[in-house]
Amino acid sequence: MTAMGKKLTIFMIYGTEYGPKIGEIGNWVGKAVYFPRTAAVDSNLFSRAEFNKPGIYCLKGDATDNNAFDEKIYIGEAENIKARLEQHFKNKEFNEVIFFISKDDLLTKTQVKYLESRLIQMAIEAKSSQIENKNSSNAPTLHESDISDMEYFLSEIKLILPVFGFKFLIPTTRNSELKSETSNSDGKKYFIKTKSFTATMTENERGYFVLKNSQAKKDLSNSITETYSKLRRKLIETSVLIEHEDKLVFSEDAFFNSPSAAASIVLGRNSNGYAEWINEDGKTFKEVQEQLKI
């Protein structure tokens, strides 16, 4: 398996699709270990050498009742992964675990603390999942070379996490870092204009973005699907959508996986985004796409 030109090797510890797995990228010094909580009943798993090393870990469970998010994430660090996880089995509810260690055994306590602090910060800023850690502690002081090494370590973690179903670092908004990565491929602008509000959308290789300062209808239709209703609550709870007078305003560029999802949130009802979004020439998104296929 490859990601962004890098080869990711996944080893299934028990040879089963849903069981414990190990992930490694090329010459990266790190190693990822994933397992569902149910696999912990096997004492042989915890006897593996990886569990007795220092590292950083993520626990994934169900979001709190009535929460707008689909999952809850807890991030921590430990000098001994096994000992810390055994504590969590007694006092935390979670379904899946992934942790990261160094194959060369050179991760120091300070470096692991740095990774924890930065990962929590990144998770909170992504606004994609319910993060159990309320705030990230201040990152410990490291030498410039160590910071560079740890930031590279984090970049590899960010690549591996979604492969194992941990998507909490995938941003729901486009912050300044993401803008610098994708602005050169932003597509044309599309608009939804009503008597009460106006919204603007662009597309790029990642998906569809409703731009900052776009406006949305404040009230939802009774017939809107639960999926879109939950997504609207999520955007409001993370302050991506902010109430202003009789409408909602986007405080950041917000990512959507389809034009219809974007249109439904803007209009407050189930909508066909391919027909609702219109460019400056008055052509619908669907008409523009059909022209591109010619």
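Sequence order sets the numbering: in each chain, residues are counted from 1 along the sequence as written. In view of the model being predicted, local features appear only for residues whose pLDDT reaches at least 70, and side-chain atom pairs are presented and counted only at 80 or more, with totals across whole chains, interfaces and linings using the full set of residues. Only heavy atoms go into the side-chain values, all of them from the structure, while hydrogens and water stay out.

Caption draft 1: Focus on the sheet that holds strand E13 (residues 241-244). Between any two strands, at least two bridges found by DSSP are needed for them to pair. For the purposes of this entry, the term helix denotes a DSSP run of H or I that reaches at least four residues, the term strand denotes a run of E that reaches at least two, and both are numbered from the N terminus. Strand order across the open sheet formed by three strands is E12-E14-E13, with antiparallel pairing between neighbours. Of all strands in the sheet, those with a lone pairing partner are strand E12 (215-217) and E13, marking the two edges. Strand-to-strand twist in this sheet, taken as the mean axis angle between neighbours without regard to direction, amounts to 40 degrees. Note that E12 and strand E14 (residues 247-250) share three bridges and pair antiparallel. Paired with Lys217 across the strands is Lys247, a residue of E14. Angular values range over 0 to 180 degrees, each being the angle between N-to-C directions of two axes fitted as lines to C-alpha atoms, with helices fitted over their stretch in contact.

Caption draft 2: Layout of the layout of surface pockets. Space inside the second largest pocket adds up to approximately 600 Å³. In terms of lining residues, the second largest pocket is bounded by 23 residues, among which Asp70, Thr172, Leu231, Lys234 and Asn257 are the most central. The set of elements that each furnish at least two residues to the lining of the second largest pocket consists of helix H6 (226-237) and strand E15 (254-256). Examining the composition of the lining of the second largest pocket, we find that seven residues originate from one element, H6, more than from any other. Residue polarity follows a fixed list, in which Ala, Val, Leu, Ile, Met, Phe, Trp, Tyr, Cys and Pro are nonpolar, Asp, Glu, Lys and Arg are charged, and the others, Gly among them, are polar. Along the lines of polarity and charge, the residues of the lining of the second largest pocket split into eleven nonpolar, five polar and seven charged. Only protein atoms enter the 1 Å grid used here. Points where a 1.4 Å probe fits but cannot escape make up a cavity, open sets with protein on both sides within 12 Å along at least five of seven lines make up a pocket, and a residue lines them when an atom lies within 4 Å of a point. Grid points are joined across faces, edges and corners, and a volume is the space filled by probe spheres set on the points.

Caption draft 3: View of empty space enclosed by the protein. Counted by the stated rule, this structure contains one cavity of 30 Å³ or more. Computed from the structure, the largest cavity encloses a volume of approximately 40 Å³. Taken together, Leu59, Gly61, Lys72, Ile73, Tyr74, Lys92, Glu93, Phe94 and Glu132 make up the full set of residues lining the largest cavity. Mapped by element, the contributors of at least two residues to the lining of the largest cavity are strand E5 (55-62) and strand E6 (71-78). Sorting elements by how many residues they give to the lining of the largest cavity places E6 first, with three residues. For the lining of the largest cavity, a count of residues per class yields four nonpolar, one polar and four charged.

Honestly, it's all geometry; don't read function into it.
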